[in-house]
Amino acid sequence: MTKDDEIITLAVRHLIEGNRTLYVTPGVDRMRKVQQDIVTAMPNELIGRVYLSRGDEHIRATNGTIMTFHSSRGSGPRGLVGDVLLLDGVSDKVAEDALPILAGSRVAEVHRWP
């Protein structure tokens, strides 16, 4: 299984389970590609709305779950709340800054790829 396959599989699983998920990667192009790949892999009945506006990229599933996408080169993920972090190629500093997002989560999962 490739890194992309792992990310997509985890993202879809967490959307189905109702876990608020945040995907962070350094590049905007990579972020948008992964977002599109996740939407393509999602069951049609789970797709609510896909937001592509710059700085507000996210997927809203029909079960109310939201998956948010951030580039670590932008404002970053500070101030958000979530259950699952998918960290793709980010620095140790970005990963450390993102951890408070999971405070109070019943799931609090972190997945990281180089």
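Scroll up for the structure.
In this report, the structure presented in the accompanying data block is examined. (Residues numbered from 1 in each chain as written. Predicted model: local features only at pLDDT ≥ 70, side-chain atom pairs only at ≥ 80, totals over all residues. Heavy atoms only, no water.)

Description of helix 2 (residues 28-41)
An α-helical turn contains 3.6 residues, so a residue and the one three or four places further along point in the same direction.
Item 1. Over its 14 residues, helix 2 runs 20 Å from end to end, which matches the ideal 20 Å to within 8%, given 1.5 Å per residue.
Item 2. For helix 2, every residue scored as buried is listed here: Met-31, Val-34, Gln-35, Ile-38 and Val-39. Down the axis of helix 2, the sector holding all buried residues measures 135°, keeping them to one side. Along helix 2, the residues that are exposed and aim more than 90 degrees away from the buried face are Asp-29 and Thr-40. (Helix = DSSP H or I, 4+ residues; strand = E, 2+ residues; numbered from the N terminus. Expected span 1.5 Å × (residues − 1). Buried < 20%, exposed > 50% of the residue type's maximum accessible area, 1.4 Å probe, protein only. Arc of directions from axis to C-beta.)

Observations regarding the side chain of His-58
Item 1. Considering the arrangement of structural elements, one finds His-58 in strand 3 (residues 58-61).
Item 2. At 3.0 Å, the side chain of His-58 forms a polar contact with the backbone oxygen of Asp-56.
Item 3. Those residues in contact with His-58 that lie beyond four places of it in its chain are Gln-35, Arg-49, Val-50, Tyr-51, Ile-66, Met-67, Thr-68 and Phe-69. (Polar contact = N/O pair within 3.5 Å; in protein donor to acceptor, adjacent residues only side chain to side chain. Contact = heavy atoms within 4.5 Å.)

A short note on the environment of Pro-43
Item 1. With respect to the helices and strands, Pro-43 occurs in the loop between helix 2 and strand 2 (47-51).
Item 2. Relative accessible area serves as the criterion here: at 27%, Pro-43 is assigned to the partly exposed category.
Item 3. Residues Pro-43 and Asp-88, spaced 45 residues apart in sequence, show a C-alpha to C-alpha distance of 23 Å.
Item 4. Leaving out residues up to four positions away in the same chain, Pro-43 has contacts with Val-12 and Ile-16.

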